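One-letter residues, chain by chain:
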Amino acid sequence: MDEPSPTTDPLTNQFGSLNDLAHELASLQELATCGSWRSILDKVSRARSLNLLSNPHDHLIYLSYNVIALSKLRRFADASSELDSLHDFDSHHHKYETYPQLYPNRSGSMVPFSLRFIHAQLPIKLGNRQEGLDRFYLLLNFIRQKIKEKEGNGLEESVKIWKKRENFVLNCLIGHHLGAKEFNVCLELIKVSINHDYLDPVLVSKLGYIQMHVGNLEGAKGSFNRVESMLKEGKNDGYSFLSEVEFRNLVSRNKALVYLVGKDYVSAVREYEECIERDHTDVVAINNKALCLMYLRDLSDSIKVLENALERVPTMALNETLVINLCSMYELAYVNNSEIKRTLSNWIALVAPDDFDTSCTRV
């Protein structure tokens, strides 16, 4: 929820289980983790038809999962219609203080943050990019206002969560601008954040990627060195989503990228192998190691790297980019690649989440 009580930090409260927060929330979360988005739609529909949702926040949470599921299944118009049913996020109907008997001593909005994010994302998915960007900037301003409020009330745990949300939205915004090759806008967004002492290693790394993209290799190296220094000095702003292993792998992947640009594929492979040794689910490292082996004309080993990853950690490795690369390698390596890709496609149909785009196998 967005903003419970202004006097006590809700994130310091302990709950026995997710089901203490909403009707059968643990079951919904498990389905989402498994990518069973169609089952979520069925569960939400059943709960609504049987009137199992008794509290206002239950309705909002179930609506959130429904909108997320529709978005995952690329039913963006349906997701938008569902979201429009709320009319106004700031309506008194969605505030705790409107229902004092249900939520004593609580105030603020009960609208889940995920709904605010999807509200910004949907116009872009529906082809209205500018409206989506406008909503993202409004959301970013909303988050920054919340951070100030929480800091003013000394709600430390809430501040951390809202700063993570700021980090997440900022990275999404940069991604959208980057996709449109608006490099100057990206650089400005990142530099403004960094100048405000916002030391997120992912954000600084992204600065390096953009510098590399526009041909400023020395600038990119400087950004990557800054990230490595942050790791050595233990400087993580506390609002990043990175664990220590993820932080170390980020540094190694940055080094590998510099090697890759310099066509030193052997050194790049070594860095990616260190990442995989630390975290065997690092799909970026797995995928890029395979690509480097392909550039080294070791097509057989590059295929093995991707196949082994799919076999070992299918839930993590099964993404469209990795599968596209594997199918491209099959096409280069085998005359009968259609049969091999069909076998892969059949396996994917058995294990993939509902939102996986099976067309990536090009069968």
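Described below are features of the structure shown in this document.

Moving on, we get to the nonpolar core. One finds Ile40, Leu83, Leu115, Val169 and Ile174 to be the most contacted residues of the largest nonpolar core, which totals 64 residues. Ranked by residues supplied to this core, first place goes to helix 3 (residues 56–72) with eight residues. What Val169 contacts, discounting residues up to four positions off in sequence, is Phe113, Phe117, Phe136, Leu139, Leu140 and Ile143.

Moving on, we get to unusual backbone geometry. The phi dihedral of Asn105 falls on the positive side, at around 65°, and the residue is not glycine. Relative to the assigned elements, Asn105 resides in the loop between helix 4 (76–84) and helix 5 (113–125). At Lys263, a position not held by glycine, the phi torsion is positive, near 65°. Here Lys263 lies in the loop between helix 11 (244–261) and helix 12 (265–278). For Lys263, a relative accessible area of 62% puts it in the exposed group.

Another aspect to go through is helix 3. Structural remark: α-helix, 3.6 residues per turn; residues separated by three or four positions point the same way. Given a rise of 1.5 Å per residue, 17 residues ought to cover 24 Å, and the 25 Å separating the end C-alpha atoms of helix 3 matches this to within 8%. The buried fraction of helix 3 amounts to 14 of the 17 residues, a majority that puts the element mostly inside the structure. Backbone geometry just downstream of helix 3 places Arg74 in the positive-phi region, at approximately 65°.

Right, let's get into the packing of helix 13 (residues 283–295) against helix 16 (residues 320–333). Running from N to C, helix 13 and helix 16 cross one another at 20°; their axes reach a closest spacing of 10 Å. The pairing of helix 13 with helix 16 is recorded here as roughly parallel in orientation. Every pair of crossing elements has a handedness; the one defined by helix 13 and helix 16 is left-handed. Here helix 13 contributes Val283, Ile286, Asn287, Ala290, Leu291 and Met294 to the contact with helix 16, which in turn contributes Thr321, Leu322, Asn325, Met329 and Leu332. Across the contact of helix 13 with helix 16, the residue classes break down as eight nonpolar, three polar and no charged.

With that out of the way, let us pick up the pattern of salt bridges. The final tally for this structure, using the stated rule, is 19 salt bridges. With a closest N to O distance of 2.9 Å, Glu182 and Arg129 form a salt bridge. Pair noted here: Glu182 is in the loop between helix 7 (156–179) and helix 8 (183–195) and Arg129 is in helix 6 (residues 129–152), with a separation of 53 residues, a long-range link. Accessibility expressed as a relative area gives 30% for Arg129, which makes it partly exposed. A salt bridge links Glu131 to Arg135; its shortest N-O distance comes to 2.6 Å. You can see Glu131 and its partner Arg135 sitting in helix 6, four residues apart, about one turn around the helix. Look at the salt bridges and you will find they share partners, linking Glu228, Lys232 and Lys255 into a network.

So, about the environment of Arg312. Secondary-structure assignment places Arg312 in helix 14 (residues 299–312). Here Arg312 falls in the partly exposed class, since its relative accessible area comes to 46%. A sequence separation of 149 residues divides Arg312 from Lys163, and the C-alpha atoms of the two residues are 34 Å apart. For Arg312, the contacting residues outside a window of four places in its chain are His280 and Ile286.

So, about the side chain of Asp58. Mapped onto the fold, Asp58 is located in helix 3. No salt bridge forms around the buried Asp58; measuring N to O, its nearest opposite-charge neighbour Arg106 is 11 Å away. A distance of 3.3 Å separates the side chain of Asp58 from the backbone nitrogen of His23, its partner in a polar contact. Here Asp58 is in contact with Leu21, Ala22, His23 and Leu53, once residues within four sequence places are set aside.

The rules behind the values
Residues numbered from 1 in each chain as written. Predicted model: local features only at pLDDT ≥ 70, side-chain atom pairs only at ≥ 80, totals over all residues. Heavy atoms only, no water. Core = buried A, V, L, I, M, F, W, Y, C linked by side-chain atoms within 4.5 Å. Buried < 20%, exposed > 50% of the residue type's maximum accessible area, 1.4 Å probe, protein only. Helix = DSSP H or I, 4+ residues; strand = E, 2+ residues; numbered from the N terminus. Contact = heavy atoms within 4.5 Å. Expected span 1.5 Å × (residues − 1). Axes fitted to C-alpha atoms, helices over the stretch in contact; angles between N-to-C directions. Parallel < 35°, antiparallel > 145°, perpendicular 65-115°, else oblique. Left-handed = near helix turned anticlockwise from the far one by under 90°. Nonpolar A, V, L, I, M, F, W, Y, C, P; charged D, E, K, R; others polar. Salt bridge = Lys/Arg side-chain N within 4 Å of Asp/Glu carboxyl O. Lys, Arg positive; Asp, Glu negative; His and termini not counted. Polar contact = N/O pair within 3.5 Å; in protein donor to acceptor, adjacent residues only side chain to side chain.

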